[in-house]
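So you can see what is in the structure, the chains are spelled out below.
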Amino acid sequence: MVEMANALPAQAYPKARRIRFRFDQRDTHDKYFVENDMVYSHFVAGMSGAFPAGEESFIRSVRRVADRVTDPVLKKRVTGFVGQEAMHGREHRKLNDKLVELGYPIKWLDSPQAIERTQRLERRLSPEVHLAMTAAAEHYTAVLAQRVLGSDEIQAIPGDPEVWNLLNWHALEELEHKSVAFDVFRAVGGSEATRIGVMLAMYSLTLPLTYVSLAIAVGRDPNARRQPVRVARETYRLFTGPIFRGLMPELAKYLRPGFHPDDIDTSRLLDRWQRQLFGADGELVDHLK
Ligand SMILES: [Fe+2]
Ligand SMILES: [Fe+2]
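Residues numbered from 1 in each chain as written. Chains lettered and ligands numbered in written order. Predicted model: local features only at pLDDT ≥ 70, side-chain atom pairs only at ≥ 80, totals over all residues. Heavy atoms only, no water.

Named according to an unreviewed UniProt entry, the protein is Metal-dependent hydrolase originating from Nocardia yunnanensis.

1. A look at a nonpolar patch on the surface
Here is the rule we go by: Distance thresholds for patches are 9 Å for like charges and 5 Å for nonpolar side chains (Val, Leu, Ile, Met, Phe, Trp, Tyr), applied to residues having over 30% relative accessible area and no salt bridge. The Shrake-Rupley method, run with a 1.4 Å probe, gives the accessible areas here. Residue values count only the displayed protein chains as cover. Put simply, a salt bridge is a Lys or Arg side-chain nitrogen that is within 4 Å of an Asp or Glu carboxyl oxygen. Every helix listed is a DSSP run of H or I at least four residues long, and every strand listed is a run of E at least two residues long, numbered separately from the N terminus.
On the surface, a nonpolar cluster with roughly 290 Å² of combined accessible area is contributed by Tyr211, Val212 and Ile216. With respect to the helices and strands, the residue Ile216 is situated in helix H9 (residues 192-219).

2. Structural notes on the pattern of salt bridges
Our working definition: Only protein chains enter the accessibility calculation, which uses a 1.4 Å probe; a residue is then buried when its area is under 20% of its type maximum, exposed when over 50%, and partly exposed in between.
Applying the stated criterion across every chain yields a total of 18 salt bridges. For Glu91, the salt bridge identified is with Lys94, shortest N-O distance 2.8 Å. Linking Glu91 with Lys94, this pair stays in helix H3 (residues 72-101), spanning 3 residues, or about one helical turn. Given a relative accessible area of 0%, Glu91 falls into the buried group. In this structure Lys94 comes out as partly exposed when scored by relative accessible area, which is 26%. Bridged by salt links that share partners, the residues Arg17, Glu173 and Glu176 form one connected network.

3. Regarding unusual backbone geometry
In this model, Glu35 sits at a positive phi of 55°, which is unusual for a non-glycine residue. With respect to the secondary-structure elements, Glu35 resides in the loop between helix H1 (2-7) and helix H2 (38-65). One non-glycine residue, Asn36, lies in the positive phi region at around 50°. By the secondary structure assignment, Asn36 is in the loop between H1 and H2. On the basis of relative accessible area, Asn36 is assigned to the exposed category, the value being 53%.

4. Side note on the environment of Pro127
Inclusion rule: Contacts were defined at the residue level, with two residues in contact if any of their heavy atoms lie within 4.5 Å.
Relative to the helices and strands, Pro127 resides in helix H5 (residues 127-150). In this structure Pro127 comes out as partly exposed when scored by relative accessible area, which is 30%. Put simply, Pro127 and Val62 are 65 residues apart on the chain and 8.6 Å apart in space, counted from C-alpha to C-alpha. Not counting residues up to four positions away in its chain, the partners in contact with Pro127 are Arg64 and Val65.

5. Observations regarding H3
Quick note on the threshold: The span expected for a helix works out to 1.5 Å for each residue beyond the first.
Along its 30 residues, H3 runs 44 Å from first to last C-alpha, staying within 8% of the 44 Å computed at 1.5 Å per residue. Positioned one or two residues after H3, Gly103 has a phi angle of 105°, which is positive.

6. Looking at the packing of H5 against helix H13 (residues 267-278)
What counts here: Lines fitted to C-alpha atoms define the axes here, with helix axes fitted over just the stretch in contact, and angles between the N-to-C directions of these axes take values from 0 to 180 degrees. Roughly parallel here means an angle under 35 degrees, roughly antiparallel means over 145, roughly perpendicular means 65 to 115, and every remaining angle is called oblique. Less than a right angle of anticlockwise turn of the near helix away from the far helix marks a crossing as left-handed, whereas a clockwise turn marks it as right-handed. As a working rule, the residues Ala, Val, Leu, Ile, Met, Phe, Trp, Tyr, Cys and Pro are called nonpolar, Asp, Glu, Lys and Arg charged, and the rest polar, with Gly in that last group.
Closest axis-to-axis distance for the H5/H13 pair is 11 Å, and the angle between their directions is 60°. In terms of axis orientation, H5 runs oblique to H13. Of the two elements, H5 crosses H13, and the hand of that crossing is left-handed. Taken together, the residues of H13 that come into contact with H5 (itself represented by Gln146, Leu149 and Gly150) are Leu269, Arg272 and Trp273. Residue composition of the contact of H5 with H13, grouped by class: 3 nonpolar, 2 polar and 1 charged.

7. Quick notes on the packing of aromatic side chains
Counted only if it meets this: Each aromatic pair joins two rings of Phe, Tyr and Trp (for Trp, the six-membered one) with centres within 6.5 Å, and gets the label stacked for planes under 30 degrees apart, edge-to-face for over 60, and tilted for any other angle.
Taken as a whole and judged by the stated rule, the model has 9 aromatic pairs. Between Phe21 and Trp169, the ring centres sit 5.2 Å apart and the planes meet at 50°, which makes this aromatic pair tilted. Here Phe21 is found in the loop between H1 and H2, whereas its partner Trp169 is found in helix H7 (residues 161-176), with 148 residues between them in sequence. Looking at Phe21, the relative accessible area reads 2%, which means it is buried. We classify Trp169 as buried; its relative accessible area is 0%. Ring plane angle 90° and centroid distance 6.0 Å describe the contact between Phe182 and Tyr254, whose orientation is recorded as edge-to-face. You can see Phe182 sitting in helix H8 (residues 180-187) and its partner Tyr254 sitting in the loop between helix H12 (247-252) and H13, a full 72 residues away along the chain. Assigned by exposure class, Phe182 and Tyr254 land together as buried. Ring pairs connect the aromatic residues Phe43, Tyr211, Phe239 and Phe244, which therefore count as one cluster.

8. A word on the coordination of the iron ion (ligand 2)
Defined as follows: Here a donor is any nitrogen, oxygen or sulfur atom (N, O, S) within 2.8 Å of the metal, with 3.2 Å used for Na, K and Ca; water is not among the atoms considered, so some sites may look incomplete. When four donors show all angles between 85 and 135 degrees the site is tetrahedral, when four or six donors have opposite pairs over 155 degrees and all other angles between 65 and 115 it is square planar or octahedral respectively, and in every other case it is irregular.
Protein coordination at the iron ion (ligand 2): the donors are Glu85 (OE), Glu138 (OE), Glu138 (OE), Glu174 (OE), Glu174 (OE) and His177 (NE2), at 2.0 to 2.7 Å from the metal. One way to put it: the 6 donor atoms around the iron ion (ligand 2) meet at angles of 52 to 148°, and that makes the site irregular. In terms of primary sequence, the donors binding the iron ion (ligand 2) are separated according to E-x52-E-x35-E-x2-H. A separation of 3.8 Å is found between the iron ion (ligand 2) and the iron ion (ligand 1), both of which receive a donor from Glu85. Within this pair, whereas Glu85 is found in helix H3, its partner Glu174 is found in helix H7, the two being separated by 89 residues in sequence.

As C-alpha cells, then:
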C-alpha cells in the first residue's frame, strides 16, 4: 500500500476546476492573436478547434471500460480526468466561437456530422484500440503541455492574454491527468502490442496531417494568398521553433516497450504552475467560479 502511494504522481487525483474564461471582454480582437503571426495563429486555432470533439472521444473511450476498473484510486482519477476534459471542451468551444467569427475555418471540426462520423468509427473499434488511441493522444498533449509550461521561449510569445490563460490552464491539467487513460488501458488488460502499434500509426501520421490541415486552413485565408512570402517565412519559423524543435523524438519515447507516462518527471513543473496559476495569489484564481 505504501509502495503504491509512492508510485503515484505528485497530483494523485486530478481535480476539475470550475473555471470561466472571458474571450469577449475586448471590442476587437486581432485576427492573428499569436504574435501577429498568421501561420502560428492558424496552427493554434486548428488545435483549439479539434480539442472539444477529440476530448469527448477520449471521455467515451474511458467510459466504455469504466465498469471494469475496480481499483478505487484509479476510479477517482478517472472521475477527475473526465471532469477536466469536459471542462476543457466547454471553454475551448467558447474560444472557438470567437475564432470562427474571426474567420478561422475550424467549425467543421466540431460539427454534428464530424462528431457522428467519429462515433461511427469508434463503434467499429474495439474498446482496447479506442482507449489506446486516447492514451497515445494523451502523450501528445502531455508533451505539448510540458513544452508550453516549461519553455520560457514559448511563454514569451506575445499573444491575447486570455488565450494564453486558457492554454496554460489546459496544459497544467493535461500534466495533472497525463497517466490516467494509460493506467486504465493497463488495468483493463490492454496489451503492449496494441499500445505501441496504435501509437506507431498515429506517430507516422503526425507531420503529414499537421502539414495538410494547416495548408488547407492557411490556403483559405485571403491574406495568405496575398502574402506568399510571409506564409513561407512564418511556416519555416513555426516548424523550426520551440513547439516543433525536437518534438518527434519526445513523442517517440512512448514507443519504448515498458514506457509509462510518469517516466517523464513533470512533478516540479506541475508544482510550480499549480502555485503560479491557482496558489494563494494565483494568476487565475479570479477565474474560478
Ligand atoms: Fe484536455
Ligand atoms: Fe487530456
